[in-house]
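# Examining the three-dimensional arrangement
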Amino acid sequence: MKQKIALFDFDRTVISKDSILILYDKTCKKIPGFRSKLYGNLIKGTFSRNGKKLKTAVKEEFLSMLAYYSDEELRKFVHEDVMAYAFKEAVDEIHRLKEEGYYIMLVSASVENYLVYVKDCLPFDHIIGTVIDEDYKLVGENNRHEQKVSNILAHLQEKNMVIDYDNSLSYSDSLSADRPMMELTKSRYLINNPIKAQGYDHLHWTDPRK
């Protein structure tokens, strides 16, 4: 079944800051000595890894912060801390698209452990994030670049949906990160990004913290 789809990145697209940095700031206040421990582990990691393995190791080191939070605390973190950074324009756009019958997907490299709670706050039909195991290690690939496309198409296949290309939309702050995802739709919107690219429109959304 053809379906008009709206695809949203999350960090700096729906919210004005990287969600993992919001969690980092909160964890540094909550756990004495966490900052020193984290950076000590990161420095050690630079000598034992390189390239893609180093990027993965850095992300996993940051994700170790999740050990300090229960599911209920992560839900509260999203409701009270993350959503405080939500662009009003993004919130309005998501609600408008929902009313117009779009199937709305949030597709982010942020981890599903806390990303799932965004659905309590905004009417997304489905959320896809990076999956990690109980030791905070990535399961499969980080949900970015072409991996986003694979995950989107796999979900839509499960739902017996195909993208109505001409009537679908995508939103991201980063062309370099999300071009593969955005090219799944005819209408493509770059948020607060000055880069000019054929086939992409620009939207300026106001940082709620400024």
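The name given to the protein in an unreviewed UniProt entry is HAD hydrolase, family IB, with Aedoeadaptatus coxii as the source organism.

A few words now on the environment of Asp 18. Mapped onto the elements, Asp 18 comes out in the loop between β2 (5-8) and α1 (19-30). C-alpha of Asp 18 to C-alpha of Ala 6: the two residues are 12 residues apart in sequence and 21 Å apart in space. When sequence neighbours within four positions are dropped, the list of residues in contact with Asp 18 reads Asp 11 and Arg 12.

Our next topic: the sheet that holds strand β7 (residues 187-191). If you walk across this open sheet you meet the 6 strands as β4-β3-β2-β6-β7-β8, and the pairing is parallel. With one partner strand each, in any of the chains shown, β4 (126-130) and β8 (201-203) form the two edges of the open sheet. Going across the sheet, the axis of each strand differs from the next one's by a mean of 20°, ignoring polarity. Alignment of β2 against strand β6 (residues 169-172), held across 3 bridges, turns out to be parallel. From the neighbouring strand, Phe 8 faces β6, where its bridge partner is Tyr 171. In this fold helix α8 (residues 175-182) packs onto β2, β3 (103-111), β6 and β7, with an angle of close to 165° to the strand it touches most, β6.

Enumeration over the complete set of coordinates arrives at 13 salt bridges. A salt bridge links Asp 9 to Lys 148; the nearest nitrogen and oxygen atoms lie 3.1 Å apart. With Asp 9 in the loop between β2 and α1 and Lys 148 in helix α7 (residues 146-158), the pair connects residues that are 139 residues apart, well separated along the chain. Of the two residues, Asp 9 and Lys 148, both sit in the buried class. The residue Asp 125 makes a salt bridge to Lys 98 at a minimum N-O spacing of 2.6 Å. Of the two residues, Asp 125 sits in the loop between α6 (112-115) and β4 while Lys 98 sits in helix α5 (residues 88-99), which places them 27 residues apart along the sequence. Ionic contacts of the salt-bridge type, sharing partners, join the residues Asp 9, Lys 148 and Asp 178 into one network.

As assigned here, the protein comprises domain 1 (2-16 + 86-203) and domain 2 (21-77). Distance between the C-alpha centres of domain 1 and domain 2: 24 Å. Counting residues at the interface gives 14 residues for domain 1 and 14 residues for domain 2. Summed over both sides, the interface of domain 1 with domain 2 buries roughly 1200 Å², with 67% coming from carbon and sulfur. Scanning the region where domain 1 abuts domain 2 turns up 1 salt bridge. For Glu 60, the salt bridge identified is with Lys 137, shortest N-O distance 3.8 Å. The interface formed by domain 1 and domain 2 includes 4 residue pairs in polar contact (both at pLDDT 80 or more). Broken down by secondary-structure element, the contributors of at least two residues to the side of domain 1 that touches domain 2 are β3 and α6.

The rules behind these values
- Residues numbered from 1 in each chain as written.
- Predicted model: local features only at pLDDT ≥ 70, side-chain atom pairs only at ≥ 80, totals over all residues.
- Heavy atoms only, no water.
- Helix = DSSP H or I, 4+ residues; strand = E, 2+ residues; numbered from the N terminus.
- Contact = heavy atoms within 4.5 Å.
- Pairing = 2+ DSSP bridges.
- Axes fitted to C-alpha atoms, helices over the stretch in contact; angles between N-to-C directions.
- Salt bridge = Lys/Arg side-chain N within 4 Å of Asp/Glu carboxyl O.
- Buried < 20%, exposed > 50% of the residue type's maximum accessible area, 1.4 Å probe, protein only.
- Domains from an automatic or database assignment.
- Buried area = accessible area lost by both parts, 1.4 Å probe.
- Polar contact = N/O pair within 3.5 Å; in protein donor to acceptor, adjacent residues only side chain to side chain.

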